[in-house]
Amino acid sequence: MRPEGVFAADFRSDTVTRPTKEMLEAMWSAPVGDDVFQEDVSVNALEEKAAEMFGMEAALFCPSGTMTNQVAIKLHTQAGDEVICDEKAHIYNYEGGGIAFNSGCSVSLQRGNLGRFSAEDVLRSIRPDDVHSPRTALVALENTVNKGGGVCWDFLEMKKIGKICRENKLAFHLDGARLFNALVAGNESAVDYGKLFDTISICLSKGLGAPVGSLLLGDRERIKKARRWRKVLGGGMRQAGYLAASGAYALDYHIGRLKEDHRKARILGEEVARLPFVKQVIAPETNILLFELEDKAVPRDFLERLKEKGVQAVSFGGQLIRMVTHLDISENALQYAIEQLKSMKA
Ligand SMILES: Cc1ncc(COP(=O)(O)O)c(C=O)c1O
């Protein structure tokens, strides 16, 4: 049955979710104040809750994951420095060139495996202390990797990289926009991550289903500086507690259910792999499915025809298509999308 509503079979991203009734009720009844004066009790409570969850000293509520990442890069670097990250990294591809614009840094791009590089790659990429070279200042990882099809990093490899960072006085940042997906899929705890990284960015508006909001986690000193950079970037919000309340609700009630999204992505992946016009599927580890259409298919036409059938997905470069499962993808929407995909020629 075709699902009700415009968004019902919208697999473009996990950012398309709308707040549930219960989340809206939590927002509606939130006590608020002026957060630039640090007087919004709901924002303060969310920041404390998130910091405690990761065993880190402090947190800063920001309007977006882009802002938490950009503030983190600003914290850890000086103009002229270099950031080690993967060629698939969100901070490199999808933040409007912010590494250069906001922080004046260049990048040492790694060609990892679906966004995951190795400790050896990091060692090889550290610049010598030489006036000709940019100064290597920061290593930034992303877990899960969006452009890698939601794959998770091996925690031991991240630990090895963390050791190299400490030995070489490099800052270590994690873009954890979908870290909760990795936590649900893996064996480590949030505190394990908190011990490893200098700063972590987490998003409340991806799989967790809040309408807005991200948090930057770190030690007290860094978060104090981050508060200043957030203001400079225009991210100082006033009665932001209404938004923070949605995030607190999401942390309480929407983490465990991510398993559901992972199960649905797995089922979708198995069905898509059987379609005659699909060349290759990256088996989903979490909630993102990436598949490659056969060479003669035109992705834009494919997506247009799929949309006419009420199912939305996005092109992810070349022949790649991305479909993401989330809070607003019901069992019915999943089955409907599978039927529609099966009915297509290419
Ligand atoms: C891995 C990753 N990091 C950061 C972001 C940025 O988040 P926002 O859209 O809230 O700026 C996204 C957005 O999809 C993302 O996928």
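Conventions and cut-offs
- Residues numbered from 1 in each chain as written.
- Predicted model: local features only at pLDDT ≥ 70, side-chain atom pairs only at ≥ 80, totals over all residues.
- Helix = DSSP H or I, 4+ residues; strand = E, 2+ residues; numbered from the N terminus.
- Buried ≥ 20, exposed ≤ 12 C-beta atoms within 10 Å, placed from the backbone.
- Contact = placed C-beta atoms within 7 Å.
- Expected span 1.5 Å × (residues − 1).
- Arc of directions from axis to C-beta.
- Near = placed C-beta within 6 Å.
- Pairing = 2+ DSSP bridges.
- Axes fitted to C-alpha atoms, helices over the stretch in contact; angles between N-to-C directions.
- Core = buried A, V, L, I, M, F, W, Y, C linked by C-beta atoms within 7 Å.
- Left-handed = near helix turned anticlockwise from the far one by under 90°.
- Nonpolar A, V, L, I, M, F, W, Y, C, P; charged D, E, K, R; others polar.
- Domains from an automatic or database assignment.

Participant: Which residues make up the overall build of the protein, and what values do they have?
Facilitator: Across its full length, the protein carries 14 helices and 11 strands. Along the three orthogonal principal directions, the C-alpha set of the protein runs to about 60 × 50 × 35 Å. Counting across all 346 residues of the protein, residues that qualify as buried make up 49%. For the protein, the share of sequence-separated contacts (at least 6 apart) that also reach a separation of at least 24 residues comes to 74%.

Participant: So what's going on with helix α14 (residues 331–342)? Residues and values would help.
Facilitator: With 12 residues, α14 extends 17 Å from end C-alpha to end C-alpha; this agrees with the ideal 16 Å at 1.5 Å per step. Along α14, the residues classified as buried are Ala-333, Leu-334, Tyr-336, Ala-337 and Leu-341. Projected down its long axis, α14 shows its buried positions confined to an angular sector of 165°, all on one face. Exposed and facing more than 90 degrees away from the buried side of α14 are Glu-331 and Lys-342. Lining the buried residues of α14 we find α12 (258–273).

Participant: Lay out the site of the ligand in plain terms, naming residues and giving numbers.
Facilitator: Lining the immediate environment of the ligand, one finds 13 residues, of which Ser-64, Gly-65, Thr-66, His-90 and Ala-177 sit closest. For the shell around the ligand, the element with the highest residue contribution is helix α3 (residues 65–76), accounting for 3 residues.

Participant: A description of the environment of Lys-345 should follow, citing residues and the corresponding values.
Facilitator: Assignment of secondary structure puts Lys-345 in the segment after α14. When the C-alpha positions of Lys-345 and Ala-182 are compared, they lie 34 Å apart, and in sequence the two are 163 residues distant.

Participant: Account for unusual backbone geometry, with residues named and values stated.
Facilitator: In this model, Asn-143 is joined to Thr-144 through a cis peptide bond whose omega is 0°. Topologically, Thr-144 is positioned in the loop between β4 (135–142) and α7 (155–167).

Participant: Any details on the environment of Gly-148? Residues and values, ideally.
Facilitator: If you trace the backbone, Gly-148 turns up in the loop between β4 and α7. Classification of Gly-148 by C-beta neighbours within 10 Å gives buried; the count is 23. In sequence terms Gly-148 and Asn-113 are 35 residues apart; their C-alpha atoms lie 8.1 Å from each other. In this view, Gly-148 contacts Lys-88, Leu-114 and Gly-115; residues no more than four positions away in its chain are not counted.

Participant: Run through the sheet that holds strand β2 (residues 81–86), naming residues and quoting values.
Facilitator: Within a sheet, adjacent strands bond to each other through the backbone by hydrogen bonds, running parallel or antiparallel. If you trace the 7 strands from one edge of the open sheet to the other, you get β1-β7-β6-β5-β4-β2-β3, paired in mixed fashion. Among the strands making up the open sheet, the edge pair consists of β1 (58–62) and β3 (106–110). Recorded for the sheet is a direction-independent mean angle of 20° between the axes of neighbouring strands. As paired elements, β4 and strand β5 (residues 171–176) share 5 bridges and run parallel to each other. By the bridge assignment, Leu-138 is partnered in β5 with Ala-171. Each of β1, β6 (199–203) and β7 (214–218) touches helix α2 (residues 41–53); the most contacted strand, β1, lies at about 130° to it.

Participant: So, the nonpolar core: which residues are in play, and what are the values?
Facilitator: The biggest cluster of nonpolar side chains holds 74 residues, and the ones touching the most others in it are Ala-59, Val-83, Leu-138, Val-139, Leu-216 and Leu-217. The dominant element in this core, judged by the number of residues it contributes, is helix α11 (residues 241–253), at 7 residues. Of all hydrophobic cores here, the second largest spans 23 residues; its members include Leu-290, Leu-293, Ala-313 and Tyr-336.

Participant: An account of the sheet that holds strand β10 (residues 314–315) is requested, with residue identities and associated values reported.
Facilitator: On the basis of which strands lie adjacent, the open sheet formed by 4 strands has the order β8-β9-β11-β10 and antiparallel pairing. Where the open sheet ends on each side, the last strands, each with one partner, are β8 (278–282) and β10. Docked against the sheet, α12 engages β8, β9 (288–293) and β11 (320–324), running at close to 10° with respect to β9.

Participant: Tell me about the packing of α2 against α11, residues and numbers included.
Facilitator: The relative placement of two packed helices is expressed as an angle between their axes plus a distance between the axes. The geometry of α2 relative to α11 is characterised by a closest axis approach of 8 Å and an angle of 30° between their N-to-C directions. Crossing of α2 against α11: the hand is left-handed. Packed against α2, whose contacting residues are Val-41, Ser-42, Val-43, Ala-45, Leu-46, Lys-49 and Ala-50, the element α11 presents Gly-241, Ala-244, Ala-245, Gly-247, Ala-248 and Leu-251 at the interface. When its residues are assigned to classes, the contact of α2 with α11 shows 9 nonpolar, 3 polar and 1 charged.

Participant: Which residues make up the domain arrangement of the protein, and what values do they have?
Facilitator: Parsing the protein into structural domains produces domain 1 (21–253) and domain 2 (258–342). When each unit is reduced to the centre of its C-alpha atoms, the spacing between domain 1 and domain 2 is 28 Å. Listed as interface residues are 14 residues of domain 1 and, on the opposing side, 14 residues of domain 2. Partitioned by chemical class, the residues of the side of domain 1 that touches domain 2 number 6 nonpolar, 7 polar and 1 charged.

Participant: Run through the packing of α3 against helix α10 (residues 220–232), naming residues and quoting values.
Facilitator: One way to put it is that α3 packs onto α10 with a least axis distance of 9 Å and a crossing angle of 115°. The two elements α3 and α10 cross, and the hand of that crossing is right-handed. Residues Met-67, Val-71, Lys-74 and Leu-75 of α3 pack against Arg-222, Lys-225, Ala-226, Trp-229 and Arg-230 of α10. Its residues assigned to classes, the contact of α3 with α10 shows 5 nonpolar, no polar and 4 charged.

Participant: For the pairing of β1, give the residues involved together with the corresponding values.
Facilitator: When a strand is regular, its side chains alternate between the sheet's two faces. Across the 5 residues of β1, 5 count as buried, placing the element largely inside the fold. Covered by surrounding structure in β1 are Ala-58, Leu-60 and Cys-62 together with Ala-59 and Phe-61, the residues of both alternating faces. Bridge count between β1 and β7: 5 bridges; the pairing is antiparallel. Residue pairing across strands places Phe-61 opposite Leu-215, the latter belonging to β7.

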